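Letter by letter, the chains look like this.
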Amino acid sequence: MLPRLLLVLVWLLPVPAMGDETAMAPTTAVPEISQPFAPPLRMVMDIRSVHSDGRHDLEALAAMAEARGIGVLGVNDHDRFTIRLGVDPIPQMLGYSRQQPSLYESGVESFLTDIVRLRQRHPELLVLAGTESTPGYHWSGIPFRDLTLHDAERHIITLGAETPQQIESLPSFDLRNIHGSRELSLAFWFVVALLLLIVLRRHGRLATVLVAAVVVLAVIALLRKPADADAEFLKVATDEGLFTAWAHPGTLSGQRPGPMGVQLDTPPYSARVFSQPTAEAFASVYGDTDSNTEPGARWDRYLLDYLHGRQPAPVWGIAAGDFHVQGEANEYLGNYPMDVWATAKTAAAVLQALRDGRCVAWGMPQARNIRVAELYLKPVSGEPLLPGGSVATVASRVELVVRLVEQDTGLQPAVQPALLKGEWVVDGKVAAGVELPVNGEAVRLPLDLAPGVHAVRLHIPMQAGIRMEANPFLVRVSL
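Here goes a summary of the coordinates provided. As the structure is a prediction and not an experimental result, all values here were calculated from the model. (Residues numbered from 1 in each chain as written. Predicted model: local features only at pLDDT ≥ 70, side-chain atom pairs only at ≥ 80, totals over all residues. Heavy atoms only, no water.)

1. Some remarks on the overall build of the protein
Right, on to step 1. When helices and strands are tallied, the protein shows 12 helices and 26 strands.
Right, on to step 2. Sorting the 479 residues of the protein into buried and exposed places 53% on the buried side.
Right, on to step 3. Surface accessibility of the protein: about 20,500 Å² in total, with carbon and sulfur atoms responsible for 59%. (Helix = DSSP H or I, 4+ residues; strand = E, 2+ residues; numbered from the N terminus. Buried < 20%, exposed > 50% of the residue type's maximum accessible area, 1.4 Å probe, protein only. Areas by Shrake-Rupley, 256 points an atom, 1.4 Å probe, with all protein chains shown as cover.)

What follows is the structure in structure tokens.
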């Protein structure tokens with residue numbers, strides 16, 4: 001990471017106003033370019049199985065993936081799915097728990113053993129294991145009045161687990177960062193102190209000392225600033241070699257009435273996604289829509305900060321399906337796939353491709369199965385670039401190449417849109433619109449970039465239930 005940051009700082013140049021820096025080149029004939037990269041792998045992740053709250057076993061998930069032409073399957077079951085109303089300062093010991101199905105119950109070893117067996121039965125399918133985790137949550141209010149559970153649906157996805165230790169070491173697995181309601185905790189310790197006074201009333205001074213000690217310790221613990229649950233989780237997951245991604249940062253579904261009169265309050269956490277420390281990726285496409293990937297929104301601003309050395313690392317976009325049940329609420333495995341340029345069809349290569357941003361994220365209906373066959377940036381001189389990864393020096397004239405294909409699922413309607421309308425976004429502004437044929441020739445768009453550092457990405461806004469977000473090409477144009 002440090003060499004990448006130093007490289008950016010060395011190359012750092014002011015970026016002129018958008019009107020001066022990017023323009024469509026004349027529509028002259030462009031020479032044919034042979035495909036410089038192997039086709040990407042088709043991947044889905046954020047999938048739940050019967051090892052937590054999913055409906056299907058791993059064998060059924062593999063069959064669904066193969067029917068949709070998916071070659072890489074990421075299974076992310078809940079590591080610990082517990083709602084615990086605890087009493088601070090020891091909420092893990094004092095309180096009431098409502099445990100939901102998770103790896104904590106079904107067993108991490110059993111989960112990983114099933115993953116290994118699935119790999120053996122389906123060698124053509126690369127299966128990766130991971131979790132959907134809640135780094136921490138806290139309570140406020142009093143039961144039967146205004147009891148509220150905060151941030152319990154602020155999820156981070158991990159991927160790449162091969163041993164039980166990698167999952168069991170996560171702070172979410174032992175509920176390390178949960179905190180009870182301060183009002184409820186103060187009331188509890190007041191009652192404890194009162195009972196101690198009653199029980200030890202004959203011991204005078206001893207009773208006073210014990211009660212005072214209980215009160216002081218409780219007050220100190222309740223006034224202590226809680227640990228940063230997100231930061232601790234990300235550090236442990238990274239130390240364990242796991243890939244990390246925020247699950248659904250812009251969703252509004254986390255704010256709603258819950259069971260037994262409890263109010264659930266997980267507001268959108270987009271601001272947290274784009275502040276340090278953060279995960280390696282975020283869900284740029286998922287079941288809800290948010291504004292993070294709109295041109296000029298948080299993602300583009302963060303990328304520019306990274307290019308100018310104000311952030312230590314980029315945050316890449318992925319697709320997160322949050323899949324539980326096939327066919328329920330229009331949910332189908334493969335509605336949120338990715339195209340991933342990995343150097344090999346191995347776990348290590350796919351995880352490295354995700355870490356380098358070499359992927360695009362799709363959202364589409366069950367009847368569609370569009371994928372990227374080609375997507376790269378070609379300088380006038382020099383090597384072509386895939387999305388994501390390293391900042392590369394290019395000349396001012398570049399060419400953007402994209403080709404889309406669709407695999408027959410047997411479910412397509414008789415009439416399909418022949419074109420998708422896309423946008424090339426440069427430094428947060430739309431530089432050019434482009435029509436992208438499906439199963440047609442590659443589209444080649446020449447652009448002129450001004451000297452400086454640039455983030456160039458392909459954005460396909462929602463149309464006919466289809467959308468796509470590509471990770472950016474990060475380039476520096478020399479003087």
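2. Regarding helix 12 (residues 347–355)
Right, on to step 1. Those residues of helix 12 lying buried are Ala349, Val350, Leu351, Ala353 and Leu354.
Right, on to step 2. Glycine 357, located one to two residues past helix 12, shows a positive phi value of around 75 degrees.

3. Considerations on the sheet that holds strand 8 (residues 148–150)
Right, on to step 1. Here 5 strands make up an open sheet; going across it, the order is 10-7-8-13-12 and the pairing mixed. Each of the sheet's edge strands pairs with one partner strand only, and the pair in question is strand 10 (178–179) and strand 12 (255–257).
Right, on to step 2. When strand 8 meets strand 13 (residues 263–265), the two strands line up parallel, connected through 3 bridges. By the bridge assignment, histidine 150 is partnered in strand 13 with aspartate 265. (Pairing = 2+ DSSP bridges.)

4. Let's talk about unusual backbone geometry
Right, on to step 1. Cis geometry marks the peptide bond from aspartate 88 to proline 89; its omega dihedral reads 10 degrees.
Right, on to step 2. Relative to the helices and strands, proline 89 is located in the loop between strand 4 (82–86) and strand 5 (95–99).
Right, on to step 3. In this structure, proline 277 follows glutamine 276 across a cis peptide bond, with omega equal to -10 degrees.
Right, on to step 4. Residue position: proline 277 is located in the loop between helix 10 (270–273) and strand 14 (281–285).
Right, on to step 5. Phi at leucine 175 takes a positive value of approximately 55 degrees, unusual for a residue other than glycine.
Right, on to step 6. Locating leucine 175 in the fold gives a position in the loop between helix 6 (164–168) and strand 10.
Right, on to step 7. Note on leucine 175: relative accessible area 7%, which makes it buried.
Right, on to step 8. The backbone of aspartate 322 shows a phi angle near 50 degrees, a positive value even though the residue is not glycine.

5. With respect to the pattern of salt bridges
Right, on to step 1. Scanning the entire structure with this criterion turns up 25 salt bridges.
Right, on to step 2. Here arginine 117 makes a salt bridge to aspartate 114, at a shortest N to O gap of 3.5 Å. With arginine 117 and aspartate 114 both in helix 5 (residues 108–121) and 3 residues apart, the pair spans about one turn of that helix.
Right, on to step 3. Arginine 117 sits in the partly exposed class, given a relative accessible area of 45%.
Right, on to step 4. Between lysine 235 and aspartate 239 there is a salt bridge, and its shortest N-O distance comes to 2.8 Å. You can see lysine 235 and its partner aspartate 239 sitting in helix 9 (residues 229–239), 4 residues apart, about one turn around the helix. Comparing lysine 235 with aspartate 239 shows no difference in burial state: the two are exposed. (Salt bridge = Lys/Arg side-chain N within 4 Å of Asp/Glu carboxyl O.)

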